[in-house]
Amino acid sequence: MMKNNNFDLLKRPVYSTTIYKMSIGILTVGLMLSGCQKSPDTETTNEPQTTETATINAPVAVEETTSASAAAQQVDSSSLTILALGDSLTEGLGVDKNDNYPAQLEDRLQEMGYANAKVINSGLSGETSTGLVNRLDWVSQTKPDITILTIGANDAIRGIDVATIEANIRTAVKHLQDNGSVVILGGMSIYDNLGSEYVAAFSDIYPRVAKDMNLTLIPFFLEGVGGDRELNQADAIHPTKDGYKIIVNDNILPILAPKLEALKTANADSTTETVQNDIVDTK
């Protein structure tokens, strides 16, 4: 058997022997290359990180990014409550309920991007500063972020002592501030038929209170509207729809807008701090 096999092998053509030797060489090189390759475990370790492996290796970074996004959404969707507090000038006596200044202000704020802004109309026709003080506990239940306080005209019409009016306004401001509301004070002026001395003393109430109590002041709430027949109703006292539009755009918003931005920044900082504290607590 062996002899026959050797004889058969010797009888093979030369090219067959050459191919056989080349096959052995290729097989040898293949084995050598396979010996130089890294083990499967090493390859797995050096594979590029997918989203899944990145999450496992860096949970804090992913959590912070997600939390920051949630914080931004919370800031954008945060509610804003503004209390419009005062007398008939706030209530909108004689105009449609959608045309008074609180309603027009709410519409403008939503147009400006404050989608969840709400302006509460707490104006009451015939209201005096004393009457307003007596209902402060009730109106404070609305928990306003900002209060626009416009009061005193009816007091002046009745000739009430200026010192009493000022004391009531100060009481109202302090109560609102103590309940966490930022107060914007609407300044008022009256006609000269009560005497120049009274008129001047009355007008001086508002800048003095604003300065003493660190308030933002609308110098004259009816600026550009008061005394204009085209912008007031037949009584020459209460604005029309167009009159209120001017009050909102020209008198209120330039004063209110910086307060809204400051409030938005404060809320964003507070939310970010809360999120960061939550991240620290979970580490």
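Every value quoted in this text rests on a predicted model; they were computed, and no experiment measured them.

Calculation notes
Residues numbered from 1 in each chain as written. Predicted model: local features only at pLDDT ≥ 70, side-chain atom pairs only at ≥ 80, totals over all residues. Heavy atoms only, no water. Helix = DSSP H or I, 4+ residues; strand = E, 2+ residues; numbered from the N terminus. Areas by Shrake-Rupley, 256 points an atom, 1.4 Å probe, with all protein chains shown as cover. Buried < 20%, exposed > 50% of the residue type's maximum accessible area, 1.4 Å probe, protein only. Polar contact = N/O pair within 3.5 Å; in protein donor to acceptor, adjacent residues only side chain to side chain. Contact = heavy atoms within 4.5 Å. Expected span 1.5 Å × (residues − 1). Arc of directions from axis to C-beta. Core = buried A, V, L, I, M, F, W, Y, C linked by side-chain atoms within 4.5 Å. Phe/Tyr/Trp six-rings, centres within 6.5 Å; stacked < 30°, edge-to-face > 60°. pLDDT = per-residue confidence, 0-100. Salt bridge = Lys/Arg side-chain N within 4 Å of Asp/Glu carboxyl O. 1 Å grid on protein atoms, 1.4 Å probe; cavity = no way out; pocket = protein on both sides within 12 Å on 5 of 7 lines; lining within 4 Å. Points joined across faces, edges and corners; volume = space filled by probe spheres on them. Nonpolar A, V, L, I, M, F, W, Y, C, P; charged D, E, K, R; others polar. Pairing = 2+ DSSP bridges. Right-handed = clockwise from strand over helix to strand, strands pointing away.

Now for the overall build of the chain. Within the chain, the secondary structure is distributed over 13 helices and 5 strands. Only carbon and sulfur atoms are counted for the fraction: they give 55% of the accessible area of the chain, which is about 17200 Å².

Another point: unusual backbone geometry. In this model, Asn-214 sits at a positive phi of 55 degrees, which is unusual for a non-glycine residue. Relative accessible area serves as the criterion here: at 72%, Asn-214 is assigned to the exposed category. For Ala-236, which is not glycine, the phi torsion reads 65 degrees and is therefore positive. Following the sequence through the fold, Ala-236 ends up in the loop between β5 (216-218) and α13 (241-282).

Attention shifts here to the side chain of Asn-232. Mapped onto the elements, Asn-232 comes out in the loop between β5 and α13. We classify Asn-232 as buried; its relative accessible area is 8%. In terms of polar contacts, Asn-232 uses its side chain to reach the backbone carbonyl oxygen of Val-225, at 2.7 Å. One polar contact links the side chain of Asn-232 to the main-chain carbonyl oxygen of Asp-228, over a distance of 2.8 Å. Contacts of Asn-232, omitting those with residues within four sequence positions, involve Val-225, Gly-226, Gly-227, Ile-237, His-238, Pro-239 and Thr-240.

Over its 17 residues, helix α11 (residues 162-178) extends 24 Å from the first C-alpha to the last, a length consistent with the 24 Å expected when each residue adds 1.5 Å. Within α11 the residues assigned to the buried category are Val-162, Ile-165, Glu-166, Asn-168, Ile-169, Ala-172, Val-173 and Leu-176. All buried residues of α11 project into a common sector of 160 degrees when viewed along the axis, lining one side. Residue Asp-161 occupies the N-cap position of α11, its side-chain oxygen lying 3.2 Å from the main-chain nitrogen of Ala-163. One or two positions beyond α11, positive phi appears at Gly-180, with a value near 85 degrees.

The next subject is the nonpolar core. Counting residues in each nonpolar core, the largest one holds 55 residues, and the members touching the most others are Leu-105, Leu-109, Leu-149, Ile-169 and Leu-256. Look past the residues within four positions of Leu-109 in its chain and what remains in contact with it is Ile-82, Tyr-114, Ala-117, Val-119, Leu-253, Leu-256 and Leu-260.

Across all of its chains, the model carries 2 aromatic pairs by this definition. Residues Tyr-101 and Phe-221 carry aromatic rings whose centres are separated by 5.4 Å and whose planes lie at 65 degrees to one another, so their mutual orientation is edge-to-face. Remark: Phe-221 occurs in the loop between β5 and α13 and Tyr-101 occurs in helix α7 (residues 101-111); sequence separation between them is 120 residues. We classify Tyr-101 as buried; its relative accessible area is 0%. The class for Phe-221 is buried, based on a relative accessible area of 0%. Summarising the aromatic geometry, the rings of Phe-202 and Tyr-206 are spaced 5.6 Å apart at their centres and angled 80 degrees between planes, so their arrangement reads as edge-to-face. Note that Phe-202 and Tyr-206 are positioned in helix α12 (residues 196-212) at a spacing of 4 residues, about one turn of the helix. Exposure class is identical for Phe-202 and Tyr-206. Each is buried.

With that out of the way, let us pick up the confidence of the model for the chain. If pLDDT is low for a region, its predicted coordinates should not be looked at in detail. Across the chain, pLDDT averages 79, with 67% of residues at or above 70. Within the model, pLDDT remains below 50 along residues 1-76, and this stretch shows 19 contacts once partners closer than five positions in the same chain are excluded.

To continue, consider the pattern of salt bridges. Considering all chains together, one arrives at 7 salt bridges under this definition. Salt-bridge contacts for Asp-99 lead to Lys-241; the nearest nitrogen and oxygen are separated by 3.9 Å. Placement of Asp-99 in the loop between α6 (88-91) and α7 and of Lys-241 in helix α13 is noted, with a sequence separation of 142 residues between them. Assessed through its relative accessible area of 16%, Asp-99 is described here as buried. Owing to a relative accessible area of 47%, Lys-241 belongs among the partly exposed residues under this scheme.

Approximately 430 Å³ is the volume found for the largest pocket. As for the largest pocket, its lining consists of 21 residues, of which Ile-157, Ser-189, Ile-190, Tyr-191 and Ile-237 are closest to the centre. Broken down by secondary-structure element, the contributors of at least two residues to the lining of the largest pocket are α6 and α10 (153-157). In terms of residue count, the dominant contributor to the lining of the largest pocket is α10 (4 residues). For the lining of the largest pocket, the class distribution of residues is 12 nonpolar, 8 polar and 1 charged.

Time to look at the pairing of strand β4 (residues 182-186). Every other side chain in a regular strand lies on the same face of the sheet, so the side chains alternate between the two faces. In terms of residue burial, β4 counts as a mostly covered element, since 4 of its 5 residues are buried. Bridge analysis of strand β3 (residues 146-150) against β4 gives 4 bridges, and the strand direction is parallel. Across the sheet, the residue bridging to Leu-149 is Leu-185, located in β4. With 3 bridges connecting them, β4 and β5 associate as parallel partners. Pairing of Leu-185 across the sheet is with Leu-217, part of β5. Remark: the β4/α12/β5 crossover connection has right-handed handedness.

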